[in-house]
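Observations on chain architecture
Listed here are the chains, written in short residue letters.
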Amino acid sequence: MNLILMGAPGAGKGTQSAKISEKYKIPAIATGDILRGAIKAGTELGKSAKSYIDAGKLVPDDVVIGIIKEYLSTDACKNGFILDGFPRSIPQAQALDNLGVKIDVVLSIEVPDDKIIERMSGRRVCSCGASYHVEYNPPKTENICDKCGNELYIRDDDSRETVANRLKTYHEQTEPLKEFYEAKGLLVTVIGQEKVEDTTALVFKALDGIKA
Ligand code: ADP
Ligand code: ZN
């Protein structure tokens, strides 16, 4: 199954993508994680991406398109994949079309803005990719990752001001993709629930009906 996962920042894409990846045995490609990895490693890519990310803006299309092209050409993706955080603009979606990549379904997780803001303020993440919320999805031991035992931290771009900018960017540049994929008959929406497992149940229900 070739899947695109959409949703506002903090809608729970990363969390659900891990569940889907496990169930359907397909890798998840998260452009945000790849960019943060590049920043941490201090590469040229990371250096050029950081200012955009910290401002809550999109990293230029050609940069992320280059990343996606590279990942999709690997063997790991030949039985399917999850795109988490790509495409995020109409030009990115067109680039995906131009690469000849066939998409089976576009799943959008819907969460209202006020909920998003509440969630982001409690978000804690781990360098292994795991993500938690102090209230809604706490780790077993405070501030320690269940999966790898590393200490959790707050993402630089989860500050209040950047979150507001990310939401604005989402509504202006990413949300039009819903119409784009709706027109292709690919869009499926799921309402994000309070509990992670309730959203996962809805996601699985939506995906089980997809022929891929
Ligand atoms: P979230 O969806 O929670 O905002 P991500 O980890 O997916 O977080 O992305 C973090 C940041 O990385 C974005 O705000 C943006 O600056 C950059 N980014 C990630 N994916 C893309 C993309 N496809 N195009 C442009 N910028 C991107
Ligand atoms: Zn971890």
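Since we're looking at a predicted model, the values are computed, not measured. One numbering rule holds for all chains: residues counted from 1, following each sequence as written. Whichever chain is written first is A, and whichever ligand is written first is 1; the rest continue in order. Local features are withheld for residues below a pLDDT of 70 in this predicted model, meaning they are given only at 70 or higher, and side-chain atom pairs are given and counted only at 80 or more; totals for whole chains, interfaces and linings count all residues. With hydrogens and water stripped out, all remaining heavy atoms of the structure feed into the side-chain values.

The subject of this paragraph is helix 4 (residues 61-72). Secondary structure counts use DSSP, requiring at least four H or I residues in a row for a helix and at least two E residues in a row for a strand, with both numbered from the N terminus. A helix is expected to span 1.5 Å for every residue after the first. Its 12 residues give helix 4 an end-to-end C-alpha distance of 16 Å, which sits within 8% of 16 Å, the value for a rise of 1.5 Å per residue. Residue exposure (1.4 Å probe, protein chains only): buried if accessible area is under 20% of the type maximum, exposed if over 50%, otherwise partly exposed. Within the span of helix 4, buried status applies to Val-64, Ile-65, Ile-67, Ile-68 and Leu-72. Down the axis, helix 4 shows its buried residues gathered within 160° of arc, on one side only. For helix 4, the exposed residues lying more than 90 degrees away from the buried face are Asp-62 and Glu-70. The secondary structure elements touched by the buried residues of helix 4 are strand 2 (28-30), helix 2 (31-41), helix 3 (44-54), strand 3 (81-84) and helix 5 (90-98). Directions pointing from the helix axis toward each C-beta atom define the arc. Contact between two residues is taken to exist if any of their heavy atoms lie within 4.5 Å; hydrogens are not considered.

When we say a residue is near a molecule or strand, we mean one of its heavy atoms is within 4 Å of it. Close to ligand 1 lie 20 residues, the nearest being Thr-31, Lys-57, Gly-85, Arg-88 and Arg-166. Within the side chain of Arg-36, a nitrogen or oxygen atom sits 2.9 Å from an oxygen atom of ligand 1. N or O atoms closer than or at 3.5 Å make up a polar contact, with two conditions inside protein: a donor-capable atom paired with an acceptor-capable one, and, for residues adjacent in sequence, both atoms drawn from side chains. Contact between ligand 1 and Arg-123: an oxygen atom at 3.5 Å from a side-chain N or O atom of the residue. Note that accessible areas follow from Shrake-Rupley with a 1.4 Å probe, and for residues the cover is restricted to the protein chains shown. Here ligand 1 has 550 Å² of accessible area as a free molecule, and 95% of this is covered by the chains. Of the residues forming the shell around ligand 1, the biggest block, 4 residues, is contributed by helix 2. As a working rule, the residues Ala, Val, Leu, Ile, Met, Phe, Trp, Tyr, Cys and Pro are called nonpolar, Asp, Glu, Lys and Arg charged, and the rest polar, with Gly in that last group. Of the residues assigned to the shell around ligand 1, the class counts are 7 nonpolar, 5 polar and 8 charged.

Between side chains of opposite charge, a pair can form as their charged atoms come close. Any Lys or Arg side-chain nitrogen located within 4 Å of an Asp or Glu carboxyl oxygen qualifies as a salt bridge. The final tally for this structure, using the stated rule, is 16 salt bridges. Among the salt bridges present, the one from Asp-158 reaches Arg-166, with a minimum N-O distance of 2.9 Å. With respect to class, Asp-158 is no different from Arg-166; both count as buried. Look at the salt bridges and you will find they share partners, linking Arg-123, Arg-155, Asp-157, Asp-158 and Arg-166 into a network.

Excluding water, the donors of a metal are its N, O and S neighbours within 2.8 Å, or within 3.2 Å for Na, K and Ca, and that exclusion means sites may look incomplete. Taken together, the protein ligands of the zinc ion (ligand 2) are Cys-126 (SG), Cys-128 (SG), Cys-145 (SG) and Cys-148 (SG), with distances of 2.2 to 2.4 Å. Sequence spacing of the donors to the zinc ion (ligand 2): C-x1-C-x16-C-x2-C. Note that Cys-128 is positioned in the loop between strand 5 (123-125) and strand 6 (131-133) and Cys-145 in the loop between strand 6 and helix 7 (160-174), a separation of 17 residues in sequence. Using a relative accessible area of 3% as the deciding quantity, one classes Cys-145 as buried.

For helix 1 (residues 13-24), with 12 residues, the first-to-last C-alpha span of 16 Å sits near the 16 Å given by 1.5 Å per residue. Inspection of helix 1 places Lys-13, Gln-16, Ser-17 and Ile-20 among the buried residues, and these make up the whole buried set. Mapping the buried residues of helix 1 onto a view down its axis gives an arc of 105°, with all of them on the same face. The secondary structure elements touched by the buried residues of helix 1 are strand 1 (2-7), strand 2, strand 3, strand 4 (105-110) and helix 9 (196-208). At the C-terminal side of helix 1, Lys-25 shows a positive phi close to 55°.

This part is about the side chain of Thr-162. Within the secondary structure, Thr-162 is located in helix 7. With a relative accessible area of 8%, Thr-162 lands in the buried category. Within polar-contact distance, the side chain of Thr-162 engages the side chain of Ser-159 at 3.0 Å.

Before going further, it helps to spend a moment on the packing of aromatic side chains. Two aromatic rings, drawn from Phe, Tyr or Trp (for Trp, its six-membered ring), form a pair once their centres lie within 6.5 Å of each other, and the interplanar angle then sorts them: stacked below 30 degrees, edge-to-face above 60, tilted otherwise. A full pass over the atoms with the stated rule returns 2 aromatic pairs. On the basis of an interplanar angle of 75° and a centroid distance of 6.4 Å, the ring pair of Tyr-24 and Phe-204 is categorised as edge-to-face. Of this pair, Tyr-24 sits in helix 1 while Phe-204 sits in helix 9; the two residues are 180 residues apart in sequence, bridging distant segments of the chain. A residue is classified by how much of its surface remains accessible, and Tyr-24, at 23% relative accessible area, is partly exposed. Taking 5.0 Å as the distance between ring centres and 85° as the angle between the ring planes, the aromatic pair formed by Phe-180 and Tyr-181 counts as edge-to-face. The positively charged end of Lys-23 is found above the aromatic ring belonging to Phe-204, 4.4 Å away from the centroid. Two thresholds decide whether a charge sits over a ring: the Lys NZ or Arg CZ must be within 6 Å of the ring centre and within 35 degrees of the ring normal.

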